[in-house]
Amino acid sequence: MRKYVRSEIVDMKGYVSGEQPQGNEAVKLNTNENPYRASENVYDAIRQAAEVGLSRYPNPLGEAVRQTAAKLYGVDPASVMCGNGSDDLLTILTRTFVGSGELLRMPYPSYILYESLAEIQGAFCEKIHFNPDWTLPKKFEENPIEELGDISQGKANNLRLVVLPNPNSPSGTVIPKTKILEIAQQLPCPLVVDEAYADFAEENCLDLVEECERIIVCRTLSKSYALAGLRFGFLVASPKLVEQMLKVKDSYNCDTLSIAAAAAALADQDWLRENRRKILATRARLQKRMRKLGFDVPTSHANFTWNTRSDRPVQPIYAFLKERGFLVRYMNYPGWSDGLRISVGTDEQTDRCVDLIEEFLEKT
Ligand code: PMP
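Here, residues in each chain are numbered from 1, in the same order as that chain's written sequence. Thresholds applied to this predicted model are a pLDDT of at least 70 for local features of residues and 80 or more for the giving and counting of side-chain atom pairs; totals over whole chains, interfaces and linings are not thresholded and use all residues. No hydrogens and no water enter the side-chain calculation; it runs on all heavy atoms of the structure.

J.: What am I meant to see in the overall build of the protein here?
T.: To qualify as a helix, a DSSP run of H or I must reach at least 4 residues; to qualify as a strand, a run of E must reach at least 2; elements of each kind are numbered from the N terminus. A tally of regular secondary structure across the protein gives 13 helices and 11 strands. This radius of gyration counts C-alpha atoms alone. The globule rule is 2.2 Å times how many residues there are, raised to the power 0.38. In terms of overall dimensions, the protein is globule-like: its C-alpha atoms have a radius of gyration of 21 Å, near the 21 Å expected for 364 residues. Summarising its shape, the C-alpha atoms of the protein cover approximately 60 × 55 × 50 Å along the three principal directions. Relative accessibility decides the category of a residue: with a 1.4 Å probe and only protein chains considered, values under 20% of the type maximum give buried, values over 50% give exposed, and everything between is partly exposed. Going through the 364 residues of the protein one by one, you find that 53% of them count as buried.

See below:
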């Protein structure tokens, strides 16, 4: 393969997404989707857009979403960029800021895709290990450009991008925004705050974008708007940075139907508030029951919980649940630990899942 394919690509593992069985036979609590149906306004907007026709190219900037998001968050439309899911935005960000031989830093354990994107660029990716309580190491907070580990030997002065998912996956934990601002102020490069799950948290970093030109906030409609199948995300950054990133994106990275749908979803904040209320209530219940069953569960600010235990392996629990038609995510992070990441489903799905875990623990 080396004859044809760039060595960076041959040498990389490639990102592996969670299991996506097609059809409705499994209860899917493995990829942090929303268990509820999106706002009816979204379906109406898709029907209307289709009615108008699909023979023309879409608006290249997703202008309807830019305007709606700008109004909603009180930002300049020129500071909003749309993407085909936030994965697309993360690709554009990495391609814009990180060149071959340069350095991207990310916390660990977190979203593994960042590493794959750095690898595609032929860049170095350094993982900053979280403390056991999911705070960032003091050393990094105090000096985020310091030489930290083996990989950054001689490369820290080539630091081009830091990516911080907040809330983090798989832990659901958050770094306070005051800390994030302090880190960004010391950096020589942009700090992407990946806020895929921020609608389920108490605070977010959107208003820091104006305060610090290095902060870029990335959002998705996949989780809190129940639109993972639609593929839509947007980011908020300084207009000067957006101008550069627009050169990197595909000309028509979002299609007519998804632009119409995303604008309608963002415009229906009543739907979002009600959905958030339900998810947070079920999350509290999931967390409480899992702790009662003996799992360590860090307090979650997202739509999932991270469940570990030191007294027994958890992979057999994953396998048992799968046999019974319940998919959760088993994750094993080398140098850290393994655990089960369980997405918040409906009350019924969540209760049934925990009942099964209880049944398994009782008989083994
Ligand atoms: N960021 C994080 C932290 C995620 O967990 C995910 C979902 N896997 C994404 C980004 C990507 O979401 P999407 O591409 O569906 O917008």
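Once the structure has been displayed, the description carries forward.
J.: Even after reading the chapter, I still don't get the pattern of salt bridges, so can you show me in this structure?
T.: Opposite charge on two side chains permits pairing when their charged atoms draw close. By definition, a salt bridge exists where a carboxyl oxygen of Asp or Glu is found within 4 Å of a side-chain nitrogen of Lys or Arg. For the structure shown, the criterion picks out 24 salt bridges. For the salt bridge of D11 with R2, the shortest nitrogen-to-oxygen distance reads 2.6 Å. E358 is the partner of R289 in a salt bridge, and the nearest nitrogen-oxygen pair spans 3.1 Å. Within this pair, whereas R289 is found in helix 11 (residues 269–292), its partner E358 is found in helix 13 (residues 347–363), the two being separated by 69 residues in sequence. Through salt bridges that share partners, R285, R289, D347, D351, D355 and E358 make up one connected network.

J.: Even after reading the chapter, I still don't get helix 3 (residues 63–73), so can you show me in this structure?
T.: For an α-helix, the turn length of 3.6 residues means that residues three or four places apart are oriented alike. Within helix 3, burial applies to V65, R66, A69 and A70. Viewed end-on, helix 3 has its buried residues packed into an arc of 130°, placing them on one side of the element. Residues of helix 3 that are buried in the fold lie against strand 2 (80–83), strand 8 (233–236), helix 9 (239–245) and helix 10 (256–267). Looking one or two places after helix 3, you find G74, whose phi comes out positive at around 65°. This arc corresponds to the set of directions leading from the helix axis out to the C-beta atoms. For this analysis, residues touch if any pair of their heavy atoms sits within 4.5 Å.

J.: Where do I start with the packing of aromatic side chains in this structure?
T.: The description of an aromatic ring pair rests on the distance of the ring centres and on the angle between the ring planes. Stacked, tilted and edge-to-face are the three classes applied to pairs of Phe, Tyr and Trp rings, where Trp contributes its six-membered ring and a pair requires centres within 6.5 Å; stacked means planes under 30 degrees apart, edge-to-face means over 60, and tilted covers the rest. Counting across every chain of the model gives 11 aromatic pairs. Summarising the aromatic geometry, the rings of W134 and W336 are spaced 5.0 Å apart at their centres and angled 55° between planes, so their arrangement reads as tilted. One end of the pair, W134, is in the loop between strand 4 (124–129) and helix 6 (138–142); the other, W336, is in the loop between strand 10 (326–332) and strand 11 (338–343), with 202 residues separating them in the sequence. The exposure class assigned to W134 is buried, which follows from its relative accessible area of 7%. For W336, a relative accessible area of 24% translates into the label partly exposed. Through pairs of rings, three or more aromatic residues link up here, namely Y15, Y111 and Y114. The lysine or arginine in question, K278, covers the ring of Y36, its NZ or CZ lying 4.2 Å from the ring centre. Distance and angle both matter: a charge sits over a ring if NZ of Lys or CZ of Arg is within 6 Å of the ring centre and within 35 degrees of the ring normal. Directly above the ring of F304 sits R341, whose terminal nitrogen or CZ lies 5.5 Å from the centroid.

J.: When you look at the site of the ligand in this model, what are you seeing that I'm missing?
T.: Definition of nearness: a residue and a molecule or strand are near each other if at least one heavy atom of the residue lies within 4 Å of the molecule or strand. Taken together, the neighbourhood of the ligand is formed by G85, S86, D87, Y111, D194, A196, Y197, T220, S222, K223 and R231. Think of a polar contact as two N or O atoms within 3.5 Å of one another; within protein, one of them needs to be a possible hydrogen donor and the other a possible acceptor, and neighboring residues in sequence only count if both atoms come from side chains. In this structure, D194 approaches the ligand through a side-chain N or O atom, which is 2.6 Å from a nitrogen atom. At 2.7 Å from an oxygen atom of the ligand is found a side-chain nitrogen or oxygen belonging to R231. Method for areas: the Shrake-Rupley scheme with a 1.4 Å probe, in which residue coverage is limited to the protein chains shown. When the ligand is considered free in solution it has 400 Å² of accessible area, and contact with the protein chains removes 90% of it.

J.: Teacher, can you tell me more about the sheet that holds strand 1 (residues 27–29) here?
T.: In sheet architecture, strand pairing relies on hydrogen bonds along the backbone and comes in two forms, parallel and antiparallel. What makes two strands pair is DSSP finding at least two bridges between them. With respect to topology, four strands assemble into an open sheet ordered 1-10-11-9, the strand pairing being mixed. The sheet terminates laterally at strand 1 and strand 9 (304–307), the two strands that pair on one side only. Between one strand and the next, the sheet's axes are offset by a mean angle of 30°, whatever the strand orientation. Those strands touched by helix 12 (residues 315–323) are strand 10 and strand 11, and its axis lies near 160° from that of strand 10. Interaxial angles span 0 to 180 degrees and are taken between N-to-C directions of axes, which are lines fitted to C-alpha atoms, for helices over the stretch in contact.

J.: Could you clarify how one ought to interpret helix 12 in this entry?
T.: Of the residues making up helix 12, those classed as buried are I317, Y318, F320 and L321. The buried residues of helix 12 all sit within an arc of 165° when viewed along its axis, so they share a single face. Check the buried side of helix 12 and you find it contacts strand 10, strand 11 and helix 13. Remark: G325 follows helix 12 within two positions and exhibits a positive phi of approximately 85°.

J.: Before we go on, may I ask you to explain the packing of helix 3 against helix 10 in this structure?
T.: Helix packing for two helices is described by the angle between their axes and how far apart those axes are. Two elements in contact, helix 3 and helix 10, have axes separated by 8 Å at closest approach and are oriented at 15°. If you check the angle between helix 3 and helix 10, you find them roughly parallel. The hand of the helix 3/helix 10 crossing is left-handed. Of the residues in helix 10, those in contact with A64, V65, T68, A69, L72 and Y73 of helix 3 are I259, A262, A263, L266 and A267. For this classification, Asp, Glu, Lys and Arg are treated as charged, while Ala, Val, Leu, Ile, Met, Phe, Trp, Tyr, Cys and Pro are nonpolar and the rest, including Gly, are polar. Of the residues belonging to the contact of helix 3 with helix 10, the class tally is 10 nonpolar, one polar and no charged. These descriptions rest on fixed angle ranges, namely under 35 degrees for roughly parallel, over 145 for roughly antiparallel, 65 to 115 for roughly perpendicular, and the rest for oblique. Note on convention: the crossing is left-handed when the near helix lies turned anticlockwise from the far helix by less than a right angle, right-handed when the turn is clockwise.

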